[in-house]
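# Fold and contact review
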Amino acid sequence: MHAFRDAILAGAGGEELAAIPLPESYRAAFVLRDEAEMFAGVDSADKDPRKSLHVGEVALPELAPDEAYVAVMASAINFNTVWTSIFEPLPTFAFLDRLGRESSWGARHALPYHVVGSDASGVVIRTGSAVRNWKPGDRVVVHCNYVDDQDPTAHDDSMLADNQRIWGFETNFGGLADLTVVKANQLMPKPAHLTWEEAAINALCNSTAYRMLVSRNGAQMKQGDRVLIWGATGGLGSYAVQHVLNGGGIPIGVVSSPDKAALLRDMGVDAVIDRKAAGYRFWKDEHTQDEAEWRRLGKDIRALVGDDPDIVFEHPGRQTMGASVFVCKRAGTVVTCAATSGYMVEYDNRHLWMRLKTIKGSHFANYREAWDANQLICQGRVQPPLSAVYPLEEVGEAAYQVHHNLHEGKIGVLCLAPSEGLGIEDPELRQQVGEERITLFRRHQA
Ligand code: NDP
């Protein structure tokens, strides 16, 4: 892949890239099927991605007609890579095996290793015979919605497809590698004013937050809506905050340290709650929640923004869901896409039905939503919350940071890009948007 990297760095065009021979193998981050039981009996917090994530050479798979090979310049850590690397809630090899049974092209994915990663920026180096809209040389980012376009259930909202998958989590050949194999309908233009690592981190979390808040498939936020955002400087939260501010809403951001509170204020959020300082104890013990603590959070929110939140942006799950349902405004929406602290959630149903609230499940985004969310990045209306960058060789440490909530925003990973700061094609737009805004998280972390 070094020949591709050197050519890309030298500004090679599509014809030149298409003439470079493909390698037989490439460098990738993966977990191993025969290590799937390595953490048996270990507490979740002690399962260490640094032990399970390996970096080494894997064989280049054949390219299907509707696919492209992308030379990956940079990628990102998402929480799904943490889940894969700690084999929770179950080893992802079951997903690969199911895909393997679907078709001969699917069979390529069922391997003794799983190449992880659900974000990437890079350059198309080959396309399959059925690809029309992309060609070698195109600078791209990759979204992770992996659908079969011959499946009728994928033709309303593709997230409703029976066999919808997340690339690099429920499929093999993910983005934490020097090369990735993606369907052509996962490709989107790279934001020209961003570096490879700034461009690489957005698609998964930005698209998810966009669907949850902005899309007609989500909570359909309106101007003036108050939106409670858990983990407001985290991966999802840092985009949610920007979508709420852009859309004329009023974010109430919850974080867990004075540092994160300061960062949130720098993003333009006035209503900030430090959950650690407030010391909320929504659970008295493992089995019992405390309504008085839910009420205390509700009062704190009203004191900051004058009313209950119209929308609650929920993803911590078990620890917070009871409180989220309680504090949500009458007829409001709790929109949820995850359960980091536990998926067996509990809430008081009386508060839901008597006050006509809705709990809405959401999951990633369809191509249109991902594309529209990417346009906001391309236009400089949403900034990349990049706080740290690791080389691919240290992917285990990068995943460890996210697993233990030691990061802010997103962590980027350099794959073929030899250093940070490369890949900007539109310096004028960058200047217009403002270096300060683009690098806020990076400077804050430093
Ligand atoms: P991050 O770790 O980057 O951010 C999550 C934030 O949540 C943290 O910054 C933390 O903020 C907050 N948090 C963590 N635990 C708790 C808790 N017990 N109570 C309150 N707040 C908590 O992760 P992401 O934002 O990238 O992802 C969050 C979850 O969403 C993950 O489980 C992930 O797998 C899932 N996800 C699902 C997607 C989907 O399509 N369904 C897409 C993307 C993510 P602080 O400590 O400052 O409060």
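Anyway, here's the lowdown on the structure attached to this text. (Residues numbered from 1 in each chain as written. Predicted model: local features only at pLDDT ≥ 70, side-chain atom pairs only at ≥ 80, totals over all residues. Heavy atoms only, no water.)

## Section: the site of the ligand
- Taken together, 25 residues surround the ligand, and among them Leu236, Ser256, Arg275, Phe364 and His407 come closest.
- With respect to the ligand, the backbone of glycine 235 contributes an N or O atom lying 2.8 Å from an oxygen atom.
- Note that an oxygen atom of the ligand is positioned 2.9 Å from one of the side-chain N or O atoms of asparagine 405.
- Contact with the protein chains removes 90% of the 910 Å² of surface that the ligand exposes when unbound.
- Elements that contribute at least two residues to the shell around the ligand include exactly helix H4 (79–85), helix H8 (203–213) and helix H9 (235–246).
- With three residues, the single largest contributor to the shell around the ligand is H8. (Near = heavy atom within 4 Å. Polar contact = N/O pair within 3.5 Å; in protein donor to acceptor, adjacent residues only side chain to side chain. Areas by Shrake-Rupley, 256 points an atom, 1.4 Å probe, with all protein chains shown as cover. Helix = DSSP H or I, 4+ residues; strand = E, 2+ residues; numbered from the N terminus.)

## Overview of the environment of aspartate 48
- Position of aspartate 48 among the secondary structure elements: in the loop between strand E1 (25–32) and helix H3 (49–52).
- Judged by its relative accessible area of 10%, aspartate 48 falls in the buried class.
- A sequence separation of 132 residues divides aspartate 48 from threonine 180, and the C-alpha atoms of the two residues are 25 Å apart.
- Beyond its immediate stretch of four places on either side in the chain, aspartate 48 contacts Phe39 and Tyr400. (Buried < 20%, exposed > 50% of the residue type's maximum accessible area, 1.4 Å probe, protein only. Contact = heavy atoms within 4.5 Å.)

## Comments concerning the sheet that holds strand E12 (residues 250–255)
- Across the sheet, six strands lie side by side as E13-E12-E11-E14-E15-E16; this open sheet has parallel pairing. On the outer flanks of this sheet lie strand E13 (271–274) and strand E16 (358–361), each paired with one strand and no other. Taken over all neighbouring pairs, the strand axes of this sheet differ in orientation by 20° on average, direction set aside.
- One ladder, built from four bridges, connects strand E14 (residues 311–314) with strand E15 (residues 333–336); its direction is parallel. Looking at E15, one finds that glutamate 314 is bridged to threonine 336.
- Sitting on the sheet, H8 is in contact with strand E11 (226–229), E14 and E15, with an inclination near 150° to E14. (Pairing = 2+ DSSP bridges. Axes fitted to C-alpha atoms, helices over the stretch in contact; angles between N-to-C directions.)

## Observations concerning helix H16 (residues 395–403)
- In terms of burial, H16 is largely enclosed, as seven of its nine residues are buried.
- For H16, the secondary structure elements touched by its buried residues are E1, H3, strand E2 (54–59), H4, strand E17 (386–391) and strand E18 (410–414).

## Comments concerning the side chain of arginine 108
- Residue position: arginine 108 is located in the loop between helix H6 (104–107) and strand E4 (113–115).
- Of the polar contacts made by the side chain of arginine 108, one reaches the backbone oxygen of glutamate 62; its length is 2.6 Å.
- Here glutamate 67 takes part through its side chain, which lies 2.8 Å from a polar atom of the side chain of arginine 108.
- Ignoring sequence-local partners within four residues, the contact set of arginine 108 consists of Glu62, Leu63, Ala64, Glu67, Phe173 and Val181.

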